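One-letter residues, chain by chain:
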Amino acid sequence: MSLARRSLMEAAADRFGWRRAYGDTAEVDALLTEQTDTAYAQAADHAALATAKNDNVLAVQPAVLDVRGRVLADVLYLEGVLAGARTPGLAPELIARLEDAVGLGHELTVLLADTVRTAAVHTASGT
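Let us now look at the overall build of the protein. Tallying secondary structure elements over the protein gives 4 helices and 0 strands in all. Helices (α) and strands (β) of the protein occur, in sequence order from the N terminus, as α-α-α-α. Relative to the compact-globule value of 14 Å for 127 residues, the protein shows a C-alpha radius of gyration of 19 Å, a clear excess of over 25%. Taken along its principal axes, the extent of the C-alpha atoms in the protein is 55 × 35 × 25 Å. Every one of the 127 residues in the protein was classed for burial, and the buried ones make up 13%. When the accessible surface of the protein is totalled, it reaches about 9,500 Å², and 62% of it is carbon and sulfur.

Tracing the sequence through the fold places Q61 in helix α3 (residues 57–86). Residue Q61 is classed as buried on the basis of its relative accessible area of 17%. Residue contacts for Q61: discarding those within four places in its chain leaves V116, A119 and A120.

Okay, the pattern of salt bridges next. Taken as a whole and judged by the stated rule, the model has 3 salt bridges. A salt bridge links E99 to R86, with the nearest nitrogen and oxygen atoms 2.6 Å apart. You can see E99 sitting in helix α4 (residues 92–125) and its partner R86 sitting in helix α3, a full 13 residues away along the chain. A residue is classified by how much of its surface remains accessible, and E99, at 35% relative accessible area, is partly exposed. A relative accessible area of 43% places R86 in the partly exposed class.

Parameters and conventions
- Residues numbered from 1 in each chain as written.
- Predicted model: local features only at pLDDT ≥ 70, side-chain atom pairs only at ≥ 80, totals over all residues.
- Heavy atoms only, no water.
- Helix = DSSP H or I, 4+ residues; strand = E, 2+ residues; numbered from the N terminus.
- Rg over C-alpha atoms; globule rule 2.2 N^0.38 Å.
- Buried < 20%, exposed > 50% of the residue type's maximum accessible area, 1.4 Å probe, protein only.
- Areas by Shrake-Rupley, 256 points an atom, 1.4 Å probe, with all protein chains shown as cover.
- Contact = heavy atoms within 4.5 Å.
- Salt bridge = Lys/Arg side-chain N within 4 Å of Asp/Glu carboxyl O.

Here it is as structure tokens:
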């Protein structure tokens, strides 16, 4: 399927709040590659901005809090997806992968919270 046609279909689906499922692993791989390429292209801009902006411990804190909030919201959403996958008894491998993703997501939120606390501690101690 052409990129223009896929983009049009995805735009229409987004307008109505629908999400598309992919049954073909080649399509999934292409989508994952596209997501990765987009994220890395944006990462260069983020790194340059962060280098200029993060000149002290507290400057880092708001960004980390932002990320933690988004990750936590996504992990809680993913928990709902997991509950929905368990209900009809979908494939055990799928459920196991979702459980792993939810667990890692929760671990990431804890690490990010600890990072925010660390910034506060270093500010209070003057280091």
